[in-house]
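Results of the structural survey
The primary structure of each chain is shown beneath.
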Amino acid sequence: MIHSILKKETLSKEDLIYLLSCSKDEEKILFDYSEKIRINTIGRNVYLRGLIEFSNICTKDCLYCGIRKSNTTIERFQVLKEEIVEAAEFAYKKGYGSIVLQSGERCDELFIDTIDDILKKIKKISNNELGITLSLGEQNKETYQRWFNSGAHRYLLRIEAADENLYNKIHPNDENHLYSRRYECLKYLQDIGYQTGTGVMIGHPFQTIEDLADNLLFFKKFDIDMVGMGPYVEHQDTPLYKYKDTLISQKERLNLSLRMIACLRILMPDINIAAATALQAIDPLGREKAVQIGANVIMPNITPTYKRKLYNLYENKPGGDEGKEEIHQLLIERLKQIDYCVPNDLWGDSKHYFERIKKGD
Ligand code: SAH
């Protein structure tokens, strides 16, 4: 059965459901196939992005997220502008090629100006060589355009749930958390010319296998360039925590995440797929496992260490010692051992983006 599905030109929702719930024996066939597709389409490179999670101050109240506005149990922080630029310089010197700036969501003028200034400074200290991905939530089109003009060229905004009803179950139902707005923001990003990334969490309350298949088809329909998706990990100071006993085990969430990555690689062979940090929260080698079945981007945390533990999206968030020379080398070593390589100083852009732009011309 699985062989006939994998032979198909395009995968239907039913096919994806089959693959996501296949037997252990078939899983091996699925993973071998997705690895083969990846190697044939984009080769064996794994791109590192230095991840700087520079603030947990957030105006949103997503029901799953540990840094949500209503969580009064955490200390809020904002890394200084100079420290962010220093972290970027560290990444540049280490040959990472590009960085990701991520934070809680703010849309005030001070925030927008600060990011703009940081982008210009990072471009300057790196002779325009360091690539910059932003992951700063929903903004208006002018803001996205302004940041694009100042040097950001990729943007990650997870749709979180492609289905609007499901989206509404994991977000407060108010004007500040509209599915339509999130969707519109993704469109803005694509229109402006960003390499546009999205994604979902896997195994959160209320989500079914059908939803997961729909998420994959959403990425395809949207013609997305990059995807970051990983297991949902519960956080005790969030409203969704009360559903923890309804969830599949963390190990099963990890496995399902790997199957999602494998299916996506088959569905969209030339996009960038990140091995999300949350994979590593469940299995120390979770990211490497994702690389072996189709992921081609890893985002080691290079946030100034004294702030790292405060960016607590979920429990057991890993990465506390990343950025240190020996940890960096260990990651590269482990990837080499499984026959993947980490090139220095490359942006590692999404091949799909260039194909998409060519088609649009
Ligand atoms: N505020 C920004 C980025 C910060 S959150 C934005 O909205 O894009 C980054 C991602 O972390 C979210 O998109 C979400 O999918 C993920 N995340 C949040 N809480 C999580 C949890 N409990 N388990 C796993 N991933 C989580």
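In what follows, the accompanying structure is described.

Calculation notes
Residues numbered from 1 in each chain as written. Predicted model: local features only at pLDDT ≥ 70, side-chain atom pairs only at ≥ 80, totals over all residues. Heavy atoms only, no water. Helix = DSSP H or I, 4+ residues; strand = E, 2+ residues; numbered from the N terminus. Buried < 20%, exposed > 50% of the residue type's maximum accessible area, 1.4 Å probe, protein only. Phe/Tyr/Trp six-rings, centres within 6.5 Å; stacked < 30°, edge-to-face > 60°. Lys NZ or Arg CZ within 6 Å of the ring centre and 35° of its normal. Axes fitted to C-alpha atoms, helices over the stretch in contact; angles between N-to-C directions. Left-handed = near helix turned anticlockwise from the far one by under 90°. Contact = heavy atoms within 4.5 Å. Nonpolar A, V, L, I, M, F, W, Y, C, P; charged D, E, K, R; others polar. Core = buried A, V, L, I, M, F, W, Y, C linked by side-chain atoms within 4.5 Å. Near = heavy atom within 4 Å. Polar contact = N/O pair within 3.5 Å; in protein donor to acceptor, adjacent residues only side chain to side chain. Areas by Shrake-Rupley, 256 points an atom, 1.4 Å probe, with all protein chains shown as cover. 1 Å grid on protein atoms, 1.4 Å probe; cavity = no way out; pocket = protein on both sides within 12 Å on 5 of 7 lines; lining within 4 Å. Sits in = over half its atoms within 2 Å of the grid points.

With that out of the way, let us pick up the environment of Gln-145. Mapped onto the elements, Gln-145 comes out in helix α6 (residues 141-149). Of the residues examined, Gln-145 reaches a relative accessible area of 30% and is grouped as partly exposed. Along the sequence, Gln-145 and Tyr-194 sit 49 residues apart, while their C-alpha atoms lie 9.2 Å from each other.

Another point: the packing of aromatic side chains. Tallied over the entire structure, the rule returns 14 aromatic pairs. Ring geometry for Tyr-183 against Phe-222: centres 5.3 Å apart, planes inclined by 80 degrees, an arrangement best described as edge-to-face. Taken together, the residues span a long stretch of sequence, with Tyr-183 in helix α8 (residues 179-192) and Phe-222 in helix α9 (residues 209-222) at a distance of 39 residues. Judged by its relative accessible area of 4%, Phe-222 is buried. Counting every residue linked through ring pairs, the aromatic cluster contains Tyr-167, Tyr-179, Tyr-183, Phe-218, Phe-219 and Phe-222. In this structure, Arg-44 is placed above the aromatic ring of Tyr-340, and the distance from its NZ or CZ to the ring centre is 5.2 Å. Directly above the aromatic system of Phe-222 lies the positively charged group of Lys-187, at a separation of 4.2 Å from the ring centroid.

Two elements in contact, helix α4 (residues 81-94) and helix α5 (residues 109-125), have axes separated by 10 Å at closest approach and are oriented at 35 degrees. Crossing hand, α4 versus α5: right-handed. Contacts between α4 and α5 involve Lys-81, Ile-84, Val-85, Ala-88, Glu-89 and Tyr-92 from the first element and Thr-114, Asp-117, Ile-118, Lys-121, Ile-122 and Ile-125 from the second. Here the contact of α4 with α5 is composed, by residue class, of 7 nonpolar, 1 polar and 4 charged.

Turning to the nonpolar core, a few remarks are in order. Counting 106 residues, the largest nonpolar core has Ile-99, Leu-101, Leu-134, Trp-147, Leu-216, Phe-219 and Met-229 as the members making the most contacts within it. Not counting residues within four places of it along the chain, the set of residues in contact with Ile-99 comprises Gly-50, Ile-52, Ala-88, Ala-91, Ile-122, Leu-130, Gly-131, Ile-132, Thr-133 and Ile-302.

On to the site of the ligand. Tyr-64, Ser-103, Arg-158, Glu-160 and Val-233 are the nearest of the 17 residues found near the ligand. Backbone polar atom of Ser-103 to a nitrogen atom of the ligand: 3.2 Å apart, as the coordinates give it. Against a free-state accessible area of 550 Å², the protein chains account for coverage of 92% of the ligand. Here the ligand is seated within the largest cavity. Of the residues contributing to the shell around the ligand, the split by class is 9 nonpolar, 4 polar and 4 charged.

These figures come from the coordinates and say nothing about function on their own.
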